[in-house]
Amino acid sequence: MSSQTIAFHTAAKKVAATAAANEIWPVAEVAALFELPFNDLMWRAQQVHRAHFDANEVELATLLSIKTGGCPEDCGYCPQAARYDTGVTAQKMMPVEEVVAAAQGAKDSGATRFCMGAAWRSPKDRDLDAVEDMVKAVKALGLETCATLGMLKEEQAERLKTAGLDYYNHNLDTAPEFYGDIITTRDYQDRLDTLGHVRQAGLKVCCGGIVGMGESRQQRAGLISQLANLNPYPESVPINHLVAVEGTPLADQEALDPLEFVRTIAVARITMPKARVRLSAGRRQLGEGVQTLCYLAGANSIFYGDKLLVTGNPEVEEDRALLNRLGIRGKSSQS
Ligand code: SAM
Ligand code: DTB
Ligand code: SF4
């Protein structure tokens, strides 16, 4: 081993030991990971990944939009915000039977987790009656359940837990200092409060963000630092690549260097070793080569199904073919 490699090992161990002792990841330490030579970063991420997971297994999670469009919020990336002219029309909540049929289809295709999303700022208590029925029915199929319904009060989180919900998704989206450039109708603390209510209710947390919105590398490090410092850190971390949708304020956002997306996955893996790091929105745009690098970087979950909420996702057959070529198996419901 060269003296340069030994120095790198020592520095890397020191960073890991400090983080483990304090369970905190200062932005500077996360930013230092981003700065590593690409191959060194991949090597670190793979070591962490293999220490905690089967590196050739990926979780397949299917998304369904149970209430599409007409959202009052102003999230600058979102095709479902009523104020942007994106061609998405507001729809009523989907009937429970249709949700169950979609969940059964997802299960038949090999998914083990089913995530129901609604374009709400926050659910009304009466909306939750229907969501509770959906959660119970989807869980009865033997799928893990996840919901993303906007901000939650503690009693609402408790209701969902009682109905059998396993995970609640609520993203921090970006670093605190960039957040105000993207969303003004709710603040960062609102998001942290919801995450607190979700934890308090005993639900597992699914929380991540979006990259490629024009943030700096330092701000990407800021997002990962926020996520990794949640105590405990989320069980599930969706890393979305911006899907630039016509009509949204971010429609013309310049594309991010794809390797920077791969780096973000690797840094999430290193700082949140036991989390399911999900390669989320934007896979279609990233293409197979970059997705493969993301698997190497420690991604071990994907959204699986032809559609995300309203935008496209790779076809199931394409995903199966790529995973086969890579020798990656879908996680079974027992593992
Ligand atoms: N309305 C709820 C909320 O905002 O919490 C739940 C659904 S919302 C669509 C869930 C997440 O999807 C957002 O927090 C964001 O991270 C992600 N998302 C939405 N539009 C996206 C886009 N165009 N590209 C990438 N990610 C997106
Ligand atoms: C998450 O982090 N990404 C998903 C899910 N959680 C709800 C949503 C992605 C949405 C992409 C754009 C769309 O289709 O609406
Ligand atoms: Fe509404 Fe969620 Fe879209 Fe924001 S991300 S506009 S809260 S649906």
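Residues numbered from 1 in each chain as written. Chains lettered and ligands numbered in written order. Predicted model: local features only at pLDDT ≥ 70, side-chain atom pairs only at ≥ 80, totals over all residues. Heavy atoms only, no water.

Participant: Would you explain the site of ligand 3 in this entry?
Facilitator: All residues in the neighbourhood of ligand 3 are listed as Cys71, Glu73, Cys75, Tyr77, Cys78, Ala81, Ala119, Trp120 and Arg186. At a threshold of 2 Å from the grid points, most atoms of ligand 3 map onto the largest cavity. (Near = heavy atom within 4 Å. 1 Å grid on protein atoms, 1.4 Å probe; cavity = no way out; pocket = protein on both sides within 12 Å on 5 of 7 lines; lining within 4 Å. Sits in = over half its atoms within 2 Å of the grid points.)

Participant: What am I meant to see in empty space enclosed by the protein here?
Facilitator: Once rolled over the atoms, a probe with the size of a water molecule shows which space is left empty. Per the stated rule, a full pass over the model turns up two cavities of 30 Å³ or more. If you add up the space inside the largest cavity, you get close to 820 Å³. As for the largest cavity, its lining consists of 38 residues, of which Tyr77, Cys78, Gln80, Asn171 and Leu309 are closest to the centre. Within the residue set of the lining of the largest cavity, elements represented by two or more residues are β2 (113-118) and β7 (236-241). Of the residues that constitute the lining of the largest cavity, the class distribution is 23 nonpolar, ten polar and five charged. (Points joined across faces, edges and corners; volume = space filled by probe spheres on them. Helix = DSSP H or I, 4+ residues; strand = E, 2+ residues; numbered from the N terminus. Nonpolar A, V, L, I, M, F, W, Y, C, P; charged D, E, K, R; others polar.)

Participant: I tried to follow the site of ligand 2 on my own but got confused; where do I start?
Facilitator: Taken together, 13 residues lie near ligand 2, and Asn171, Asn240, Leu309, Val310 and Thr311 sit nearest. In this structure, an oxygen atom belonging to ligand 2 sits 2.8 Å away from a main-chain N or O atom of Thr311. Protein contact buries 89% of the 410 Å² of open area that ligand 2 shows by itself. The cavity where ligand 2 resides is the largest cavity. When the residues that make up the shell around ligand 2 are grouped by side-chain class, the tally is eight nonpolar, five polar and no charged. (Polar contact = N/O pair within 3.5 Å; in protein donor to acceptor, adjacent residues only side chain to side chain. Areas by Shrake-Rupley, 256 points an atom, 1.4 Å probe, with all protein chains shown as cover.)

Participant: What exactly am I supposed to notice about the packing of aromatic side chains here?
Facilitator: What characterises a pair of aromatic rings is the spacing of the ring centres plus the angle enclosed by the ring planes. Tallied over the full model, the rule gives one aromatic pair. Plain terms: the ring middles of Tyr179 and Tyr188 are 5.3 Å apart, the flat faces sit at 90° to each other, and that makes the pair edge-to-face. Side by side, Tyr179 and Tyr188 carry an identical accessibility label, which is buried. The cationic tip of Arg113 hangs over the ring face of Tyr167; the distance from NZ or CZ to the ring centre is 3.6 Å. Here the guanidinium or amino end of Arg278 rests over the ring plane of Phe303, the centre of that ring lying 5.1 Å away. (Phe/Tyr/Trp six-rings, centres within 6.5 Å; stacked < 30°, edge-to-face > 60°. Buried < 20%, exposed > 50% of the residue type's maximum accessible area, 1.4 Å probe, protein only. Lys NZ or Arg CZ within 6 Å of the ring centre and 35° of its normal.)

Participant: Can you help me understand unusual backbone geometry in this one?
Facilitator: The omega angle of the peptide bond from Asn231 to Pro232 is 0°, so this bond is cis rather than trans. With respect to the helices and strands, Pro232 occurs in the loop between α9 (217-228) and β7. Despite not being glycine, Asp173 has its phi angle at roughly 70°, a positive value. Take Asp173: its relative accessible area is 3%, and that puts it in the buried class.

Participant: How should I be thinking about the packing of helix α3 (residues 38-52) against helix α10 (residues 258-271) in this particular structure?
Facilitator: Two quantities define a packed helix pair, namely the angle between the axes and the distance from one axis to the other. Interaxial distance between α3 and α10 falls to 9 Å at its minimum, and their mutual angle equals 35°. Seen from above, α3 lies across α10 with left-handed handedness. Along its contact with α3, which presents Phe38, Leu41, Met42, Arg44, Ala45, Val48 and His49, the element α10 presents Leu259, Val262, Arg263, Ala266, Val267, Arg269 and Ile270. (Axes fitted to C-alpha atoms, helices over the stretch in contact; angles between N-to-C directions. Left-handed = near helix turned anticlockwise from the far one by under 90°. Contact = heavy atoms within 4.5 Å.)

Participant: Any chance you could explain the state of the cysteines here in plain terms?
Facilitator: A covalent bond between the sulfur atoms of two cysteines is referred to as a disulfide. The tally for this structure, following the rule as stated, stands at zero disulfides. You can see Cys146 has no disulfide; the closest cysteine sulfur is in Cys115, sitting 3.6 Å from it. (Disulfide = S-S within 2.5 Å.)

Participant: In this structure, what is going on with the pattern of salt bridges? I would like to understand it.
Facilitator: Side chains carrying opposite charge are able to pair once their charged atoms draw close together. Following the criterion strictly, the structure yields 19 salt bridges and no others. For the salt bridge of Arg113 with Glu59, the shortest nitrogen-to-oxygen distance reads 2.8 Å. You can see Arg113 sitting in strand β2 and its partner Glu59 sitting in strand β1 (residues 57-67), a full 54 residues away along the chain. Exposure class is identical for Arg113 and Glu59. Each is buried. The closest approach of N and O atoms between Arg217 and Glu260, which form a salt bridge, is 2.8 Å. Of the two residues, Arg217 sits in helix α9 while Glu260 sits in helix α10, which places them 43 residues apart along the sequence. For Arg217, a relative accessible area of 24% gives the class partly exposed. Given the relative accessible area of 7%, Glu260 is considered buried. Through salt bridges with shared partners, one network takes in Glu35, Glu215, Arg217, Arg220 and Glu260. (Salt bridge = Lys/Arg side-chain N within 4 Å of Asp/Glu carboxyl O.)

Participant: Help me understand the layout of surface pockets in this model?
Facilitator: Considered as a void within the structure, the second largest pocket measures approximately 370 Å³ in volume. Lining of the second largest pocket is provided by 26 residues; of these, Leu63, Leu64, Lys307, Leu308 and Leu309 occupy positions nearest its centre. Contributions of two or more residues to the lining of the second largest pocket are made by β1 and α4 (96-108). Considering every element that reaches the lining of the second largest pocket, the biggest residue donor is β1, with four residues. Split by residue class, the lining of the second largest pocket holds 14 nonpolar, ten polar and two charged.

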